[in-house]
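# Topology and contacts: notes
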Amino acid sequence: MTEGISRTERGKQNMRVTLMGAGTNVVLFFIKLAGGVFGHSSALVADAIHSLSDLLSDLGLVFAMHFSSQPPDQEHPYGHERFETLAALATGSLLAVNGAGIGYEAVQRLIVGHYGMPASWTLYIAAFAIIAKESLYQITIRVARRTRSAALRVNAWDHRTDAISSVIVFIGIGGSLLGAPYLDSVVALIVALMVLRIGLVTGWEAVQELADRGLSDEALAAIREVILGCEGVRDLHLLKTRKIGHQALAEVHLQVMPTLSVSEGHQIAERVRIALLRQVDELADATIHIDSENDEEGGVVLPPRSEIEKVVCECLLARNLPLTEQMTLHYLKNGVVICMRYHLPPAETFASLQDMETRLQDALQGRVPGLQQVDVVWQLPKTPTAQ
Ligand SMILES: [Zn+2]
Ligand SMILES: [Zn+2]
């Protein structure tokens, strides 16, 4: 959990640094593309496409940050984040095609042995890209540490990868200028393969997400730990998650003490839900089902209250026994436990109460379907208030 800064402040800081990264990528894309085309460096063109891939992933992140706060509507009850997944699929395909295209051209140039000589000023562009990207890495990783945003941390490391990519481009152009003209195309091929890989990974992740893939084992372990740390939770089963955009939804069954009231069970579920949303960054929502026992292998369906009440009523009347004030039913795996509450009759002895209890139990035993146990609770009559 993040102490010190609020969720909204975290969101603002994340958004600011992401927009800064996106702005830098726009500038770098155009400078590199222009430099590559007019300065005859295919390595720089490949690096421009790399910047474009970063720009598209930045836009995906901005989109996610903006729309994750958008409430679900009637047509999209699970929110709008799947649009982001579709965008990622399109982006991934686009990058893969571009990476393959640039790589193919580089290979062709290497086979034919016909290279253009890059202009010396293209070196400055590569140097500028290295400095810009390394600075962005430093700024972004600092914000990511402060806000503990996993997505932003990934983004920061991507900036550093870009800086390294531009270092390779710098070496390629420098090498070409120093008399090894093929180096520019070799570097173009390397960077093109990087772009191809980014495209394939992005596309594959999106496909997995569309197929309702769950969270990683580590994330599941973290969720289990948070749930089991909540008061009143005895155990959990059927924990399921699925990713939607940058966030995930969880479903889980909790086991609580079987004799708890419905409202107390609901309170436990609410506390667990709030704890999960606070402590597990990826989770956007959790659906929690309260169980009295582990019903993973399917629960037993026992007769409803109306049927039980009818039989109990008949049995008690047949034996001339008093009807209960209040009946609580506990449906457990082995059967129903009926808890009957009576006002304590005046001037009764302990022995007569015990006798009454036995007669009530005898009257119901074997008559109520699925009956496991009958408990009788005696309640003191309310003392009349002095007037
Ligand atoms: Zn509820
Ligand atoms: Zn269950």
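Residues numbered from 1 in each chain as written. Chains lettered and ligands numbered in written order. Predicted model: local features only at pLDDT ≥ 70, side-chain atom pairs only at ≥ 80, totals over all residues. Heavy atoms only, no water.

If you check an unreviewed UniProt entry, the protein appears there as Cation transporter from Acidithiobacillus ferrooxidans. Per UniProt, the protein has the following entry under Subcellular location (unreviewed entry): "Membrane". Taken from UniProt, the Sequence similarities (unreviewed entry) comment for the protein reads in full: "Belongs to the cation diffusion facilitator (CDF) transporter (TC 2.A.4) family." (UniProt positions renumbered as here; feature names shortened; annotations may be inferred.)

## Here we look at the environment of leucine 110
Structurally, the position occupied by leucine 110 is in helix H3 (residues 82-112). Each C-alpha atom, one on leucine 110 and one on proline 181, is 10 Å from the other, the two residues being 71 residues apart in sequence. If we skip the residues at most four places from it in the chain, leucine 110 touches Tyr115, Tyr182, Ser185, Val186 and Leu189. (Helix = DSSP H or I, 4+ residues; strand = E, 2+ residues; numbered from the N terminus. Contact = heavy atoms within 4.5 Å.)

## Notes on the coordination of the zinc ion (ligand 2)
The zinc ion (ligand 2) binds to the protein through His237 (NE2), His253 (ND1), Asp291 (OD) and Asp295 (OD); the donor distances cover 1.8 to 2.2 Å. Donor residues for the zinc ion (ligand 2) sit on one chain with the sequence pattern H-x15-H-x37-D-x3-D. Of this pair, histidine 253 sits in strand S2 (residues 247-255) while aspartate 295 sits in the loop between strand S3 (283-291) and helix H9 (305-318); the two residues are 42 residues apart in sequence, bridging distant segments of the chain. (Donors = N, O, S within 2.8 Å, 3.2 Å for Na, K, Ca; no water.)

## Digging into the layout of surface pockets
The volume enclosed by the second largest pocket comes to roughly 590 Å³. Surrounding the second largest pocket, 25 residues form its lining, Pro258, Ile290, Asp291, Ser292 and Tyr331 being those nearest its centre. Secondary structure elements with two or more residues in the lining of the second largest pocket: helix H8 (262-279), S3 and strand S4 (326-332). Within the lining of the second largest pocket, the residues separate by chemical class into 11 nonpolar, 10 polar and four charged. Looking at which domains feed residues into the lining of the second largest pocket, each of domain 2 (217-291) and domain 3 (305-379) gives three or more. (1 Å grid on protein atoms, 1.4 Å probe; cavity = no way out; pocket = protein on both sides within 12 Å on 5 of 7 lines; lining within 4 Å. Points joined across faces, edges and corners; volume = space filled by probe spheres on them. Nonpolar A, V, L, I, M, F, W, Y, C, P; charged D, E, K, R; others polar. Domains from an automatic or database assignment.)

## Digging into the environment of leucine 52
Structurally, leucine 52 can be placed in helix H2 (residues 42-67). For leucine 52 and isoleucine 288, which are 236 residues apart along the polypeptide, the C-alpha to C-alpha distance reads 42 Å.

## Brief notes about the sheet that holds S4
Pairing is mixed in the open sheet, where three strands are placed in the order S4-S5-S6. Edge strands, defined here as strands with exactly one partner in the open sheet, are S4 and strand S6 (371-379). With strand direction ignored, the average angle separating the axes of adjacent strands in the sheet is 15°. Across seven bridges, S4 lies against strand S5 (residues 335-343) in antiparallel orientation. Pairing of leucine 332 across the sheet is with glycine 335, part of S5. Strand contacts of H9: S4 and S5, with the helix running at about 125° to S4, the strand carrying the most contacts. Across the sheet, helix H10 (residues 350-364) lies against S5 and S6, angled at about 150° from S6, the strand it touches most. (Pairing = 2+ DSSP bridges. Axes fitted to C-alpha atoms, helices over the stretch in contact; angles between N-to-C directions.)

## Some details on the packing of helix H7 (residues 217-228) against H8
Put simply, H7 and H8 touch, their axes get as near as 9 Å, and they point 140° apart. With respect to H8, the axis of H7 lies oblique. As for the relative orientation of H7 and H8, their crossing is right-handed in sense. Contact residues: Ile223, Val226 and Ile227 in H7; Val272, Ala275, Leu276 and Gln279 in H8. Of the residues contributing to the contact of H7 with H8, the split by class is six nonpolar, one polar and no charged. (Parallel < 35°, antiparallel > 145°, perpendicular 65-115°, else oblique. Left-handed = near helix turned anticlockwise from the far one by under 90°.)

## With respect to the sheet that holds S3
On the basis of which strands lie adjacent, the open sheet formed by three strands has the order S1-S2-S3 and mixed pairing. This sheet does not close on itself; its edge strands, each paired only once, are strand S1 (235-244) and S3. Between one strand axis and the next, the sheet turns through 15° on average, direction left out of account. Here S2 pairs with S3 via eight bridges, running parallel. Its bridge partner being in S3, alanine 250 is matched across the sheet by alanine 286. Sheet contacts for H7: S1, S2 and S3; angle to S1, the most-contacted strand, approximately 135°.

## Digging into the side chain of glutamine 255
Its place among the elements puts glutamine 255 in strand S2. Here glutamine 255 is in contact with Gly232, Val233, Arg234, Asp235, His237, Asp291, Ser292, Glu293 and Asn294, once residues within four sequence places are set aside.

## Some thoughts on the UniProt feature "transmembrane region" (unreviewed entry) in the protein
Under the feature "transmembrane region" (unreviewed entry), the UniProt entry names residues 17-38, 119-140 and 161-180. From the first C-alpha to the last, residues 17-38 spans 32 Å; its make-up is 100% helix and 0% strand. End C-alpha atoms of residues 161-180 are separated by 25 Å, and the span's content is 85% helix alongside 0% strand.

## Considerations on the domain arrangement of the protein
Each assigned domain of the protein is listed here: domain 1 (7-210), domain 2 (217-291) and domain 3 (305-379). Taken over C-alpha atoms, the centre of domain 1 sits 73 Å from the centre of domain 3.

## A word on the nonpolar core
By size, the foremost hydrophobic cluster in this structure holds 25 residues, and its most contacted members are Ile223, Ile227, Leu254, Val272, Leu276 and Leu283. Looking at this core, the elements with two or more residues in it are H7, S1, S2, H8 and S3. Here this core gets six residues from one element, more than from any other, and that element is H8. Once you skip the residues sitting within four places of it in the chain, leucine 283 turns out to touch Leu215, Ile223, Ala248, Leu249, Ala250, Leu276 and Leu277. With 20 residues, the next largest nonpolar core counts Cys315, Leu316, Met327 and Val368 among its residues. (Core = buried A, V, L, I, M, F, W, Y, C linked by side-chain atoms within 4.5 Å. Buried < 20%, exposed > 50% of the residue type's maximum accessible area, 1.4 Å probe, protein only.)

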